[in-house]
Amino acid sequence: MWKRHLWRILMPLVITLLACGVQTVLWPNIFGELTAPPLWLLVITWLSLYRERSSTILLVYAAGWLTSAFTAMPLKMMFTSLLILHLVVTFTRQRIFWSGVSYFVLASVCSVAAFQIIYMALSVFLEPVRAAWLPLERIVQLLLVVPSSFVVYVVMNRFELPHPAEQRAHEGGL
Amino acid sequence: MNFLNIDLKKILFFLLVIALPLLSFNVEQKSREDQWFNEPVQFLAGFTQETFDVFSRGVKETTGLYLNLIGIKKESADLKGRNSELTTRLEAMNELQTENDRLRAMLDFRQATKMELIAAEVVGRDLVPDHSTITINKGTNHGLKNGQAVITLGGVLGYIFKPGASTSHVMLLSDRYAVVDGIVQRTRAHGIVEGRSAGGCNLKYVERTEDVKEGDIVVTGGLDNIFPKGFPIATVQSVERKTFSVSLKVELKPVVDPDKVEEVFVVTNAKNEDLGPRLGLKE
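As the structure is a prediction and not an experimental result, all values here were calculated from the model. (Residues numbered from 1 in each chain as written. Chains lettered and ligands numbered in written order. Predicted model: local features only at pLDDT ≥ 70, side-chain atom pairs only at ≥ 80, totals over all residues. Heavy atoms only, no water.)

K.L.:
Lay out the nonpolar core with the relevant residues and their values.
P.N.:
Among the nonpolar cores identified, the biggest contains 56 residues, and Trp40(A), Leu82(A) and Phe115(A) are the most heavily contacted of them. Of all the secondary structure elements, the ones that give two or more residues to this core are helix 1 (2-31), helix 2 (39-50), helix 3 (56-67), helix 4 (75-95), helix 5 (101-126) and helix 6 (135-159) of chain A together with helix 1 (8-27) and helix 2 (39-79) of chain B. It is helix 5 of chain A that contributes the most residues to this core, 11 residues altogether. Not counting residues within four places of it along the chain, the set of residues in contact with Leu82(A) comprises Trp40(A), Leu41(A), Ile44(A), Val60(A), Gly64(A) and Phe115(A). Core analysis: the next-biggest nonpolar cluster, separate from the first, contains 34 residues, Leu117(B), Cys201(B), Ile233(B) and Val236(B) among them. (Core = buried A, V, L, I, M, F, W, Y, C linked by side-chain atoms within 4.5 Å. Buried < 20%, exposed > 50% of the residue type's maximum accessible area, 1.4 Å probe, protein only. Helix = DSSP H or I, 4+ residues; strand = E, 2+ residues; numbered from the N terminus. Contact = heavy atoms within 4.5 Å.)

K.L.:
Tell me what's going on with the interface of chain A and chain B, and back it up with residues and numbers.
P.N.:
Counting residues at the interface gives 47 residues for chain A, matched by 43 residues for chain B. Carbon and sulfur atoms make up 70% of the area that chain A and chain B hide from each other, which totals about 4000 Å². Linking chain A with chain B are 3 salt bridges. Measuring nitrogen to oxygen at the nearest pair gives 3.6 Å for the salt bridge that ties Lys260(B) to Glu33(A). Elements supplying a minimum of two residues to the side of chain A that touches chain B: helix 1, helix 3, helix 4, helix 5 and helix 6 of chain A. (Buried area = accessible area lost by both parts, 1.4 Å probe. Salt bridge = Lys/Arg side-chain N within 4 Å of Asp/Glu carboxyl O.)

K.L.:
Lay out the domain arrangement of chain B in plain terms, naming residues and giving numbers.
P.N.:
All names here are of chain B. Looking at chain B, the domain boundaries give domain 1 (37-112) and domain 2 (115-283). Across the boundary between the two partners, domain 1 contributes 13 residues, which contact 19 residues of domain 2. Between domain 1 and domain 2 lies a buried interface of about 1600 Å² when both sides are counted; carbon and sulfur atoms form 56% of it. Of all residues in domain 1, Met106, Phe109 and Arg110 give up the largest surface area on contact with domain 2, accounting jointly for 40% of the area buried on that side. At the surface where domain 1 touches domain 2, the tally comes to 3 salt bridges. Residue glutamate 262 is joined to arginine 102 by a salt bridge in which the shortest nitrogen-to-oxygen separation is 3.3 Å. Here domain 1 and domain 2 share 6 residue pairs in polar contact (both at pLDDT 80 or more) between them. (Domains from an automatic or database assignment. Polar contact = N/O pair within 3.5 Å; in protein donor to acceptor, adjacent residues only side chain to side chain.)

K.L.:
Mind laying out the sheet that holds strand 11 (residues 249-254) of chain B, listing which residues take part and the relevant values?
P.N.:
In any sheet, the strands associate via hydrogen bonds between backbone groups, in a parallel or an antiparallel arrangement. Pairing in this closed barrel of 6 strands is antiparallel, and the strands run 6-7-8-11-10-9 (chain B) around the ring. Sheet twist, expressed as the mean angle between neighbouring strand axes with direction ignored, is 40°. (Pairing = 2+ DSSP bridges. Axes fitted to C-alpha atoms, helices over the stretch in contact; angles between N-to-C directions.)

K.L.:
Could you give an account of the layout of surface pockets, with specific residues and numbers?
P.N.:
Empty space left among the atoms is revealed by rolling a probe the size of a water molecule over them. Computed from the structure, the largest pocket encloses a volume of approximately 1200 Å³. The set of elements that each furnish at least two residues to the lining of the largest pocket consists of helix 1 of chain A together with helix 2, helix 3 (82-112) and strand 1 (116-125) of chain B. Viewed by domain, the lining of the largest pocket spans two of them, domain 1 (37-112) and domain 2 (115-283) of chain B, each represented by three or more residues. Estimated volume of the second largest pocket: approximately 900 Å³. Every residue lining the second largest pocket is counted, 38 residues in all, and those nearest its centre are Glu33(A), Glu137(A), Pro129(B), Ser132(B) and Asp259(B). When residues in the lining of the second largest pocket are grouped by element, the largest group, 4 residues, is from helix 6 of chain A. (1 Å grid on protein atoms, 1.4 Å probe; cavity = no way out; pocket = protein on both sides within 12 Å on 5 of 7 lines; lining within 4 Å. Points joined across faces, edges and corners; volume = space filled by probe spheres on them.)

K.L.:
I'd like to hear about unusual backbone geometry, residue by residue, with values.
P.N.:
Residue and element names in this part refer to chain A. Phi is positive for leucine 134, close to 45°, though the residue is something other than glycine. Mapped onto the elements of the fold, leucine 134 is located in the loop between helix 5 and helix 6. Judged by its relative accessible area of 8%, leucine 134 falls in the buried class.

K.L.:
How would you sum up the sheet that holds strand 12 (residues 263-269) of chain B? Please name residues and give values.
P.N.:
Residue and element names in this part refer to chain B. Strands sit in the order 1-2-5-4-3-12 around a closed barrel of 6 strands; the barrel is antiparallel. This sheet shows a mean twist of 45° between the axes of neighbouring strands, independent of strand direction. With 4 bridges connecting them, strand 2 (residues 133-136) and strand 5 (residues 168-172) associate as antiparallel partners. For isoleucine 136, the partnering residue across the bridge sits in strand 5 and is serine 168.

K.L.:
How would you sum up the pairing of strand 12 of chain B? Please name residues and give values.
P.N.:
Residues and elements named next belong to chain B. Of all the 7 residues making up strand 12, 5 are buried; the element is thus mostly covered by neighbouring parts of the structure. Alignment of strand 1 against strand 12, held across 6 bridges, turns out to be antiparallel. By the bridge assignment for strand 12, glutamate 116 is matched with asparagine 269. Alignment of strand 3 (residues 149-151) against strand 12, held across 3 bridges, turns out to be antiparallel. In the sheet register, valine 150 faces strand 12, and the bridge partner there is valine 266.

K.L.:
Lay out the packing of helix 2 of chain A against helix 4 of chain A with the relevant residues and their values.
P.N.:
Residue and element names in this part refer to chain A. Taken N-terminus to C-terminus, the directions of helix 2 and helix 4 make an angle of 45°; their axes are 9 Å apart at the nearest point. Comparing their axes, helix 4 and helix 2 come out oblique. Relative to helix 4, helix 2 is oriented so that their crossing is right-handed. Here Trp40, Leu41, Ile44, Ser48 and Leu49 of helix 2 lie close against helix 4, whose contacting residues are Met78, Leu82, Leu85, His86, Val89, Thr90 and Arg93. (Parallel < 35°, antiparallel > 145°, perpendicular 65-115°, else oblique. Left-handed = near helix turned anticlockwise from the far one by under 90°.)

K.L.:
Let's hear about helix 6 of chain A: which residues, and what values?
P.N.:
Residue and element names in this part refer to chain A. Here helix 6 is 25 residues long and its end C-alpha atoms lie 35 Å apart, about the 36 Å a rise of 1.5 Å per residue gives. At valine 146, helix 6 shows its strongest bend, of approximately 40°, with the proline proline 147 following within four residues. Listing the buried residues of helix 6 in full gives Arg138, Val140, Gln141, Leu144, Val145, Ser148, Ser149, Val152, Tyr153 and Met156. The inward-facing, buried residues of helix 6 abut helix 1, helix 2 and helix 5. (Expected span 1.5 Å × (residues − 1). Bend = angle between axes of the 7 residues up to and from the residue.)

K.L.:
Requested: an account of the pattern of salt bridges, with residues and values cited.
P.N.:
As enumerated under the stated definition, the model contains 16 salt bridges over all chains in all. When salt bridges that share partners are traced, they join Arg8(A), Arg51(A) and Glu160(A) into one network.

K.L.:
Describe a nonpolar patch on the surface, listing the residues and the values that go with them.
P.N.:
Nonpolar side chains collect at one region of the surface, where Ile6(B), Leu8(B), Ile11(B), Leu12(B), Phe14(B), Leu15(B), Ile18(B) and Leu22(B) lie side by side and expose about 780 Å² of accessible area between them. With respect to the helices and strands, the residue Ile6(B) is situated in the segment before helix 1. (Patch = residues over 30% accessible without salt bridge, like charges linked within 9 Å, V, L, I, M, F, W, Y side chains within 5 Å. Areas by Shrake-Rupley, 256 points an atom, 1.4 Å probe, with all protein chains shown as cover.)

Rendered as structure tokens:
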């Protein structure tokens, strides 16, 4: 049983680490200046959607802490944005949910858009110079979420060991 | 004993959830060197980025090889083989020549300066589009420290931020958190260069009475011996004189495009070098 618990903690963190590596090194090497899809955020969205236990927020914090090593984003912005995003995703999931990849793709697009809004709003209050609009980068990111969320869904479900209480969320496959 | 029927586990969990973001606010007050708890993730991040760097170079080489092979096949049908191979070789030679020229220019610069420099390669970019940082393949193991200047042959790129053991983040001039002292080269008007995202920056705290024009070059002031004095930072894009403001609003465009940078120099000791006269800039 403890092995399952350890796997459920380590697996998302390792995938977050790999996602950050792909996004910051592999993507710019291959696609140059084209904005990379926010793979790290898709992993966190997956956790918020399919890990129904309330302790998931601690895992989200841990993933955020790991992610902060790949960016200049301050830890206060990372934790506060992720806390709000997790609450929004959890709240939405309790009201609208269906199994399968189509739900995850839709939820990912909404989640990334929500994160950008939350981040920009928090930036006004918490940062000395607020975040810029960067409309082109944000739209490209949202467009790239569609194919990349499919990949994240397949990878996460491939390695997930669901808790018996969460079985319902994982039914339906692709 | 639990008269009020309170679930202590739930309360402790709730406090933990709230405490982490609050602690992170407190942590922001401390200097980067004091943040010992970030070292493990810095190490992991450095390791991951180095691994992906090696992997992505392999992918690039393989992809390049594959594309070259397609090119050779098409051309060999037209030119009977040999000619296309030579063309491909020539392209590879040109690429090597370009790289050689670039590295030679860096070597000449290094030999001609009294500054202590460490050469590094760019291996990664920032995770989010809201911040402008790059990752280089040198870290504290190579003698890098927080705040050291990072330059290219063309001008200032930024400074070291979050140095890890084997990799370091470089805060680019265009990041919202970046601050560098600068001087308008033509009139010696002093100001502070601050990033403003979207690839640009501003020159702040320049007095209204100062003479600043579009096209002027802003160079480093050389304060604190971090950057060499007189090294180009940015060019003035626009100047606005607001009626009720004591300072000018000056928008700048950095002279170095970070998306095109492959190799950089980290200045470990500027030795009070003044590059103004050598670069032909007015003093």
